[in-house]
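Geometric and topological summary
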Amino acid sequence: MDVPPHADRPPIRQPPTPQRIGVVGTGSFGTALALHWTQADRDVVLWSRRPAFAETLRTARVNEAYLPGVALPEALRITDDLRDLRDCEAIVVAVPSHGFREVVRQLLSALPPNRVPVVVSATKGIETESLARMSQVTFEEAIATDRNVHFAVLAGPSFASELAQGVPTAAVLACGDGDLAQRLRDLLATKVFRIYSSTDVVGVELGGTTKNVIAIAAGVLTGLGLGQNTQAALITRGLHEVTRLCLACGGQPRTLAGLAGLGDLVLTCTGGLSRNRQLGLALARGRTVEDALAGSMVAEGVRNSLAVARLAARQRVEMPITEQMVQVLHHGKSPRLAVEELMMRAPKEEAEL
């Protein structure tokens, strides 16, 4: 039979098409994620809600406002038009919790109606008034726009600046569909960004939210000059009350022993880059919340404290550290008095939930 020419040569393999990821939000974490995935040969589209800021990023190739000194690759596409995210396999939303609903509403309206988008929340927070988690917000907006949507949440101990520098980092991605969770894990993981999959959306969302409040308390302790004994006690008891709330809302206890629980809590309570911890330090040194936040610092724990306390009350869950932080942050209570009252609480069994 005839043999085609060059039959003995191996076929020429075309390079694989880069996997497209959308990132919504040009704050520190959104920018760091977009930068990291671009460097890992993903096709990334980064969206900014402000056209002028998007143009600045395209021209200067650096986000001096939120991730200063880190060059953005030329391959990273930057846009202010949500329609440019229509072909993305996953759209990662990294915006503050109080702006999440409006952004998702705009996103779903901008995407083709015949596509089922995959929305991955990288937002740590719950709505202050509705007490809705970001998964609930997403599905409410999907119903309002009469369309289907897949949801996942990405959380864990990950400072934006370290991720941008390629420092080895681990996180967890949770989705109610286990198969989709694994596919997203494989899409978003890189050589130095290790991602584990989970189906516990509730646990991962609440773990990432509640730890911010405990981190403010950790900063208060350091600012008051208290020692490592006190810090260890705070982190341990903080994890206890975080776990109580998550279990009451349907989360799984093992999740809180993992990256979205203990891992994120330890990093945020002890890391020098933690904005919530920095706020606690400022409060202990006599500054007001308004004064401490007057600059560019954004500490999600301030809003989260009210939402978490209200959610705990609704679920009839005791969260004494959170309750004291609400008093300090929103009612002018002395940080030192808050610590004293925590120490004077009635004794109880350690394992009691």
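Residues numbered from 1 in each chain as written. Predicted model: local features only at pLDDT ≥ 70, side-chain atom pairs only at ≥ 80, totals over all residues. Heavy atoms only, no water.

1. Observations regarding the overall build of the protein chain
Helix and strand counts for the protein chain stand at 15 helices and ten strands. On C-alpha atoms alone, the protein chain measures out to a radius of gyration of 22 Å, which is about the 20 Å that the 2.2 N^0.38 rule sets for 353 residues. The C-alpha extent of the protein chain, read off along each of the three principal axes, is 90 × 45 × 40 Å. For the protein chain, the residues scored as buried account for 52% of the 353 residues in total. Counting only contacts in the protein chain whose residues sit at least 6 apart along the sequence, the fraction spanning at least 24 positions is 71%. Counting only carbon and sulfur atoms, one obtains 51% of the accessible surface of the protein chain, whose full area is about 16,900 Å². A distance of 2 Å separates the average location of the 37 positive side-chain charges in the protein chain from that of its 36 negative side-chain charges. (Helix = DSSP H or I, 4+ residues; strand = E, 2+ residues; numbered from the N terminus. Rg over C-alpha atoms; globule rule 2.2 N^0.38 Å. Buried < 20%, exposed > 50% of the residue type's maximum accessible area, 1.4 Å probe, protein only. Contact = heavy atoms within 4.5 Å. Areas by Shrake-Rupley, 256 points an atom, 1.4 Å probe, with all protein chains shown as cover. Lys, Arg positive; Asp, Glu negative; His and termini not counted. Charge placed at Lys NZ, Arg CZ, Asp CG, Glu CD.)

2. Considering the sheet that holds strand β10 (residues 193–198)
Within a sheet, each strand pairs with its neighbour through backbone hydrogen bonds, oriented either parallel or antiparallel. Ordered in space as β5-β2-β1-β6-β7-β8-β9-β10, the eight strands form an open sheet in which the pairing is mixed. Here the strands that pair on one side only, and so sit at the sheet edges, are β5 (77–79) and β10. Each neighbouring strand pair of the sheet contributes to a mean axis angle of 25°, computed without reference to strand direction. Packing against the sheet, helix α3 (residues 97–110) makes contact with β1 (20–24), β2 (43–47), β6 (90–93) and β7 (118–121), and its axis sits at approximately 155° to β6. Helix α6 (residues 178–188) rests against β1, β6, β7, β8 (150–155), β9 (169–174) and β10 of the sheet, and its axis sits at about 175° to β10. (Pairing = 2+ DSSP bridges. Axes fitted to C-alpha atoms, helices over the stretch in contact; angles between N-to-C directions.)

3. Quick notes on the nonpolar core
If you look at the biggest cluster of nonpolar residues, it comprises 42 residues, and the most contacted ones within it are Leu-279 and Leu-329. When residues of this core are traced back to their parent elements, those giving at least two are α7 (201–223), α8 (228–248), α10 (259–270), α11 (275–284), α12 (289–292), α13 (300–315), α14 (320–331) and α15 (335–343). With ten residues, the top contributor of residues to this core is α7. (Core = buried A, V, L, I, M, F, W, Y, C linked by side-chain atoms within 4.5 Å.)

4. A look at the pattern of salt bridges
Oppositely charged side chains are able to pair whenever their charged atoms sit close together. In the structure shown here, the tally under the stated rule is 19 salt bridges. Taking the shortest distance from any N to any O, the salt bridge between Asp-186 and Arg-185 comes out at 3.2 Å. The class of Asp-186 is exposed, set by a relative accessible area of 51%. Two residues, Glu-318 and Arg-345, come together in a salt bridge whose shortest N-O distance is 2.7 Å. With a gap of 27 residues between them, Glu-318 in the loop between α13 and α14 and Arg-345 in the segment after α15 connect regions that are remote in the sequence. (Salt bridge = Lys/Arg side-chain N within 4 Å of Asp/Glu carboxyl O.)

5. Description of the packing of α8 against α10
Packed helix pairs are specified by the crossing angle of their axes together with the interaxial distance, meaning the distance between the axes. Look at α8 against α10: their axes get within 11 Å of each other, and the N-to-C directions meet at 140°. When the interaxial angle is binned, α8 and α10 end up oblique. For the element pair α8 and α10, the recorded crossing hand is right-handed. Only Gly-261, Leu-262, Leu-265, Val-266, Cys-269 and Thr-270 of α10 make contact with α8, whose side of the interface consists of Ile-235, Gly-238 and Leu-239. (Parallel < 35°, antiparallel > 145°, perpendicular 65-115°, else oblique. Left-handed = near helix turned anticlockwise from the far one by under 90°.)

6. Digging into the pairing of β2
Both faces of the sheet carry side chains from a regular strand, because those side chains alternate between them. Counting buried positions along β2 gives five out of five residues, so the element sits mostly inside the fold. Because side chains alternate across β2, one face comprises the buried residues Asp-43, Val-45 and Trp-47, and the other comprises Val-44 and Leu-46, equally buried. Inspection of the sheet shows β1 paired to β2 by five bridges, in the parallel sense. Within the sheet, the bridge partner assigned to Arg-20 lies in β2 and is Asp-43.

7. Structural notes on the packing of aromatic side chains
Here the structure, examined in full by the defined rule, presents three aromatic pairs. Measuring from centroid to centroid gives 6.3 Å for Phe-53 and Tyr-66, while their planes differ by 90°, and the two rings are edge-to-face. Of this pair, Phe-53 sits in helix α2 (residues 51–60) while Tyr-66 sits in the loop between β3 (62–63) and β4 (67–71), and the two are 13 residues apart along the sequence. Given the relative accessible area of 39%, Tyr-66 is considered partly exposed. Stacked on the ring of Phe-53, the Lys or Arg Arg-50 has its end atom at 4.6 Å from the ring centre. (Phe/Tyr/Trp six-rings, centres within 6.5 Å; stacked < 30°, edge-to-face > 60°. Lys NZ or Arg CZ within 6 Å of the ring centre and 35° of its normal.)

8. Some thoughts on unusual backbone geometry
Phi is positive for Leu-131, which is not a glycine, with a value near 65°. Within the secondary structure, Leu-131 is located in the loop between β7 and α4 (134–144). Relative accessible area serves as the criterion here: at 9%, Leu-131 is assigned to the buried category. Residue Asp-146 is not a glycine yet carries a positive backbone phi of 55°. Mapped onto the secondary structure, Asp-146 falls in the loop between α4 and β8.

9. Notes on the environment of Gly-22
Here Gly-22 shows up in strand β1. Look at Gly-22 and you get buried, because its relative accessible area is 0%. In contact with Gly-22, other than residues within four places in its own chain, are Val-45, Leu-85, Cys-88, Ala-90, Ile-91 and Val-92.

10. Description of the packing of α13 against α14
Direction vectors running N to C along α13 and α14 enclose 130°, while the axes themselves pass 9 Å from each other. Relative to α14, the element α13 is oriented oblique. Of the two possible hands of crossing, α13 and α14 adopt the one that is left-handed. Residue-level contacts link Gly-301, Val-302, Ser-305, Leu-306, Val-308 and Ala-309 of α13 to Thr-322, Val-326, Leu-329 and His-330 of α14. Partitioned by chemical class, the residues of the contact of α13 with α14 number six nonpolar, four polar and no charged. (Nonpolar A, V, L, I, M, F, W, Y, C, P; charged D, E, K, R; others polar.)

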